[in-house]
Amino acid sequence: MFIINPYIFGAAGYTIENAIMFDGGADYLVRDPSSAGNRKTFTFSCWLKRSNLGTTGGTAGNNIFGGDRGSNFSDRLMFGNGDDGAEYLKASFHDDSSGAVQTKALYRDPTAWMNVVWVVDTTQSTDTNRVKIYVNGVSQAFDGSPSYPAEDYLTAVNNTENQGIAVRPATLTQQHFGGYMAEVIFLDGTAVSDASSFGELNNDGVWVPVDPSGLTFGTNGFHLDFKVAPGTGNGAGTDVSGNGNHFTDNSLTAAQKVTDTPTDDADDDIGNYCTWNPVCDFPSAKVSL
């Protein structure tokens, strides 16, 4: 049976033109805000496609976004993996000592784009309302015994320390994300009630991006569309929200700006490129058309 990945052919009314490919080695984006934003309430969204699986420590790959607390601690959204090689999404606060939640669902497909939305509102009196993770529009159930941050917990996100994308923000030397990111958005002071600000289901039932131009970004909010290549202007970290909250790119080259994105526009060579899937046992697979 020939299997078609819907993210290759799914069409959307809103086109994401560019993405950044992070090699999982030394690549990352970083920003040090001049003033703190709302450290209790925020929303982070991005589209991503993984290429570096099964690693959490050292110099290889799992951090998506977070903030530095100082003293080598972070609050962050990341991919984690257990001894069995499981690949789940995890929100960690003060490197787990102030709370941590991880999804029951596992994410091990390096061919599919996915929309990840991380919502935090520690002002909520009900602990289960303080942290939400959405994947392709669906609120994720958490595994085991979730540990939520305390009410009114001040996160390191929106702090005046390192705010890192694709790296552990406390060190800027560890746990680099390997894969592709597109349409990276941060809302300072807003906790969305669902993921509809960032995507919708198309007629084929595929979660596709929507135009984010009407969003309220807040003081430290940003929108990275990656249309500017690394090494030119403000580089890959150019914020197009209107806030001018630009990130600095590290170890990225112009060639890492790509048109492999979650949306399809064949006329402009934009779309999810076909690649061999390393988790598939191709020698023994039977393929028929």
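Everything numeric here is computed off the predicted structure, so don't read it as measured data.

(A) Region of the structure containing the overall build of the protein. Within the protein, the secondary structure is distributed over 1 helix and 17 strands. Relative to its 289 residues, the protein shows a buried fraction of 52%. If you take every contact in the protein between residues at least 6 apart in sequence, the share linking residues at least 24 apart comes to 69%. Accessible surface computed for the protein: about 12100 Å², of which carbon and sulfur atoms make up 48%.

(B) Quick peek at the sheet that holds strand E6 (residues 88-96). The 7 strands are arranged E7-E6-E5-E4-E11-E2-E16 in an open sheet whose pairing can be described as antiparallel. Only two strands of the sheet have a single neighbouring strand rather than two, namely strand E7 (99-102) and strand E16 (248-250). The mean inter-strand angle of the sheet, taken between neighbouring strand axes irrespective of direction, is 20°. Here strand E5 (residues 73-80) pairs with E6 via 5 bridges, running antiparallel. Residue pairing across strands places Met-78 opposite Lys-90, the latter belonging to E6.

(C) Main features of the packing of aromatic side chains. Under the defined criterion, the tally for this structure stands at 12 aromatic pairs. Ring centres of Phe-65 and Phe-186 lie 5.6 Å apart, and the angle between their planes is 50°; on these two criteria the pair is classed as tilted. One end of the pair, Phe-65, is in strand E4 (residues 63-70); the other, Phe-186, is in strand E12 (residues 178-188), with 121 residues separating them in the sequence. Across the pair, Phe-186 and Phe-65 agree in class, each one buried. Through successive ring pairs, a cluster of aromatic residues spans Phe-42, Phe-44, Phe-65, Phe-93, Trp-118, Tyr-153, Phe-186, Phe-222 and Phe-247. Residue placement shows Lys-49 over the ring face of Tyr-180; its charged tip is 5.0 Å from the ring centre. Against the face of Phe-79 rests Arg-50, its NZ or CZ located 3.8 Å from the ring centre.

(D) Here's a closer look at the nonpolar core. Judged by nonpolar contacts, the single largest core of 39 residues is most densely connected at Ile-64, Leu-89, Trp-118, Ile-165 and Met-181. Sequence-distant contacts of Ile-64, that is, excluding residues within four places in its chain, are made with Phe-44, Cys-46, Leu-48, Leu-77, Met-78, Phe-79, Leu-89, Gly-164, Ile-165, Ala-166 and Met-181. Counting residues in hydrophobic clusters, the runner-up holds 17 residues, among them Ile-16, Trp-207, Leu-215 and Val-258.

(E) Expanded view of the environment of Asp-194. Within the secondary structure, Asp-194 sits in the loop between E12 and strand E13 (199-201). Each C-alpha atom, one on Asp-194 and one on Val-117, is 8.9 Å from the other, the two residues being 77 residues apart in sequence. In terms of polar contacts, Asp-194 uses its side chain to reach the side chain of Ser-196, at 2.5 Å.

(F) Fine view of the pairing of strand E8 (residues 114-121). Within E8, 8 of the 8 residues are buried, which leaves the element mostly enclosed by the surrounding structure. Alternating positions in E8 separate into two faces, Met-114, Val-116, Trp-118 and Val-120 on one and Asn-115, Val-117, Val-119 and Asp-121 on the other, with burial throughout. One ladder, built from 8 bridges, connects strand E3 (residues 41-50) with E8; its direction is antiparallel. Its bridge partner lying in E8, Cys-46 is registered against Val-116. With 5 bridges joining them, E8 and strand E9 (residues 131-135) adopt antiparallel strand pairing. In the strand pairing of E9, Val-120 is matched with Val-131.

(G) Focus on the environment of Arg-108. Residue placement: Arg-108 occurs in the loop between E7 and E8. Owing to a relative accessible area of 43%, Arg-108 belongs among the partly exposed residues under this scheme. In sequence terms Arg-108 and Arg-50 are 58 residues apart; their C-alpha atoms lie 7.9 Å from each other.

(H) View of the environment of Pro-169. Inspection of the secondary structure puts Pro-169 in the loop between strand E11 (163-165) and E12. Along the sequence, Pro-169 and Gly-70 sit 99 residues apart, while their C-alpha atoms lie 9.5 Å from each other. Beyond its immediate stretch of four places on either side in the chain, Pro-169 contacts Asn-63, Gly-66, Gly-67, Asp-68, Ser-74, Arg-76, Asn-162 and Gly-164.

(I) Seen up close, the side chain of Asn-245. By the element assignment, Asn-245 lies in the loop between strand E15 (222-224) and E16. A polar contact is formed between the side chain of Asn-245 and the backbone oxygen of Thr-219, at a distance of 3.0 Å. In this view, Asn-245 contacts Arg-31, Thr-219, Asn-220, Gly-221, Phe-222, Gly-237 and Asp-239; residues no more than four positions away in its chain are not counted.

(J) Summary view of the pattern of salt bridges. Tallying each qualifying case throughout the model produces 8 salt bridges. We note a salt bridge from Glu-17 to Lys-227, for which the minimum N-O separation is 3.9 Å. In this pair, Glu-17 sits in the loop between helix H1 (6-9) and strand E1 (19-23) while Lys-227 sits in the loop between E15 and E16, placing the two residues 210 residues apart along the sequence. When its relative accessible area of 37% is taken as the criterion, Glu-17 is described as partly exposed. When its relative accessible area of 41% is taken as the criterion, Lys-227 is described as partly exposed. One network of salt bridges, with partners in common, ties together Arg-76, Asp-95 and Arg-168.

The rules we used
- Residues numbered from 1 in each chain as written.
- Predicted model: local features only at pLDDT ≥ 70, side-chain atom pairs only at ≥ 80, totals over all residues.
- Heavy atoms only, no water.
- Helix = DSSP H or I, 4+ residues; strand = E, 2+ residues; numbered from the N terminus.
- Buried < 20%, exposed > 50% of the residue type's maximum accessible area, 1.4 Å probe, protein only.
- Contact = heavy atoms within 4.5 Å.
- Areas by Shrake-Rupley, 256 points an atom, 1.4 Å probe, with all protein chains shown as cover.
- Pairing = 2+ DSSP bridges.
- Axes fitted to C-alpha atoms, helices over the stretch in contact; angles between N-to-C directions.
- Phe/Tyr/Trp six-rings, centres within 6.5 Å; stacked < 30°, edge-to-face > 60°.
- Lys NZ or Arg CZ within 6 Å of the ring centre and 35° of its normal.
- Core = buried A, V, L, I, M, F, W, Y, C linked by side-chain atoms within 4.5 Å.
- Polar contact = N/O pair within 3.5 Å; in protein donor to acceptor, adjacent residues only side chain to side chain.
- Salt bridge = Lys/Arg side-chain N within 4 Å of Asp/Glu carboxyl O.

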